[in-house]
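Listed below, chain by chain, are the residues.
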Amino acid sequence: MTPTSGAVLFDIDGTLVDSNYVHVDTWSRAFADVGVEAPSWRIHRCIGMDGDKLLESLVGSAVSAAALEAKDLHSRYYGEASGRLHILPGARELLQRVSDTGLTAVLATSAPESELAYLRDLLDVEDIVSVVTSSEDADVAKPNPEIVQVALDRAGVEPADAVMIGDSVWDMKASRAAGVTGIGVRCGGVPDAELRSAGAEAVFDDPADLIERFGESPIARLADL
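In this text the structure is predicted, and so the values were computed from the model without any measurement.

The rules we used
- Residues numbered from 1 in each chain as written.
- Predicted model: local features only at pLDDT ≥ 70, side-chain atom pairs only at ≥ 80, totals over all residues.
- Heavy atoms only, no water.
- Axes fitted to C-alpha atoms, helices over the stretch in contact; angles between N-to-C directions.
- Helix = DSSP H or I, 4+ residues; strand = E, 2+ residues; numbered from the N terminus.
- Parallel < 35°, antiparallel > 145°, perpendicular 65-115°, else oblique.
- Left-handed = near helix turned anticlockwise from the far one by under 90°.
- Contact = heavy atoms within 4.5 Å.
- Nonpolar A, V, L, I, M, F, W, Y, C, P; charged D, E, K, R; others polar.
- Core = buried A, V, L, I, M, F, W, Y, C linked by side-chain atoms within 4.5 Å.
- Buried < 20%, exposed > 50% of the residue type's maximum accessible area, 1.4 Å probe, protein only.
- Phe/Tyr/Trp six-rings, centres within 6.5 Å; stacked < 30°, edge-to-face > 60°.
- Lys NZ or Arg CZ within 6 Å of the ring centre and 35° of its normal.
- Pairing = 2+ DSSP bridges.
- Arc of directions from axis to C-beta.
- Polar contact = N/O pair within 3.5 Å; in protein donor to acceptor, adjacent residues only side chain to side chain.

## What to know about the packing of helix 4 (residues 65-80) against helix 6 (residues 113-123)
To describe two helices that pack against each other, one gives the angle between their axes and the distance between the axes.
Now for step 1: For the pair helix 4 and helix 6, interaxial distance at closest approach is 10 Å and the crossing angle is 15°. In terms of orientation, helix 4 lies roughly parallel with respect to helix 6. Where helix 4 crosses over helix 6, the handedness of that crossing is left-handed. Across from H74, Y78 and G79 in helix 4, the residues of helix 6 making contact are E115, Y118 and L119.
Now for step 2: Of the residues belonging to the contact of helix 4 with helix 6, the class tally is three nonpolar, two polar and one charged.

## With respect to the nonpolar core
Now for step 1: Grouped together as the largest cluster of nonpolar side chains are 37 residues, with contacts concentrated most on F10, L16, L95, I165 and I219.
Now for step 2: At the level of secondary structure, the elements contributing two or more residues to this core comprise strand 1 (7-10), helix 5 (91-100), strand 4 (104-108), helix 6, strand 6 (162-166), strand 7 (181-185), strand 8 (200-204) and helix 11 (218-223).
Now for step 3: Here L95 is in contact with F10, L16, A105, L107, V125, I128 and V129, once residues within four sequence places are set aside.
Now for step 4: Core analysis: the second largest hydrophobic core is formed by 27 residues, L55, V190, L195 and A198 among them.

## Some points on the environment of A38
Now for step 1: Mapping A38 onto the fold places it in the loop between helix 1 (20-33) and helix 2 (40-46).
Now for step 2: The class for A38 is buried, based on a relative accessible area of 14%.
Now for step 3: The spatial distance from the C-alpha of A38 to the C-alpha of W27 is 8.9 Å, given a sequence separation of 11 residues.
Now for step 4: Those residues in contact with A38 that lie beyond four places of it in its chain are F31 and I43.

## Here we look at the packing of aromatic side chains
Within a pair of aromatic rings, the relevant descriptors are the distance that separates the centres and the angle that separates the planes.
Now for step 1: Evaluation of the coordinates by the stated rule reveals two aromatic pairs.
Now for step 2: When the centroid spacing of 5.3 Å and the interplanar angle of 20° are considered together, the rings of W27 and F31 count as stacked. Here the residue W27 and the residue F31 both occupy positions in helix 1, the gap between them amounting to four residues, near one helical turn.
Now for step 3: Its relative accessible area of 7% is what places W27 among the buried residues.
Now for step 4: In this structure F31 comes out as buried when scored by relative accessible area, which is 0%.
Now for step 5: Above the ring of Y77, the side-chain terminus of R29 is found at 3.8 Å from the ring centroid.
Now for step 6: Directly above the aromatic system of F214 lies the positively charged group of R97, at a separation of 4.2 Å from the ring centroid.

## Remarks on the environment of D18
Now for step 1: Within the secondary structure, D18 sits in strand 2 (residues 17-18).
Now for step 2: Residue D18 is classed as partly exposed on the basis of its relative accessible area of 34%.
Now for step 3: Put simply, D18 and A30 are 12 residues apart on the chain and 20 Å apart in space, counted from C-alpha to C-alpha.

## Here we look at the pairing of strand 1
Now for step 1: Covered by surrounding structure in strand 1 are A7 and L9 together with V8 and F10, the residues of both alternating faces.
Now for step 2: With four bridges connecting them, strand 1 and strand 4 associate as parallel partners. By the bridge assignment, A7 is partnered in strand 4 with T104.
Now for step 3: Here strand 1 pairs with strand 6 via four bridges, running parallel. When the sheet's bridge partners are listed, L9 is paired in strand 6 with M164.

## Focus on helix 3 (residues 51-58)
Now for step 1: The set of residues buried in helix 3 consists of L54, L55 and L58. An end-on view of helix 3 places all buried positions within 95° of arc, on one side of the element.
Now for step 2: In this structure, the buried side of helix 3 is in contact with helix 1, helix 2 and helix 4.
Now for step 3: With a side-chain oxygen positioned 2.9 Å from the backbone nitrogen of D52, the residue opening helix 3 is D50.
Now for step 4: Positive backbone phi, at 100°, marks G60, one or two positions downstream of helix 3.

This is the structure:
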């Protein structure tokens, strides 16, 4: 197939890898250890946003002693729990399908490099993915669109020639702010209404569902299938 100039940007946590609830658990442990009361449902609502914003929302500050200690503990606990991470159904196959259509597959995440290493090892798609971002590539993460713009620049495409797949409202808000069509997936635990309200044009169960209905997705329109 003739390559196109389009790109598909993928969030990873909760979109390609079933990691959101591992994050909830490890953040919950970290907050409990530093004496911060943070119900799991509130933590889940913050997963996918900028780490500092998460801490500001749940602790009240991103630079307090408790916040900094909780951040370090979360990183440690997450590393210890990395064996509990699993690839979501259809994740690798969807990346391959995107590549086969001639579109550029981009991992547009703002995860720290330490966490990204676990995710990339698990996905094992280095031969498919052309561009990868991390928290080091943007001063402010989602819902700020900066990381999306970095991904677009590295892929060499305009916003109109890209779509972004994500599981959180923060993904959808970031893609909308960058002028990129958003596709939501439910596998991160966020309902349709919230994803659509945040900017998702279409919503699917998970990567496998998106593959099954590929022809009706915004990706197919982008690839002119």
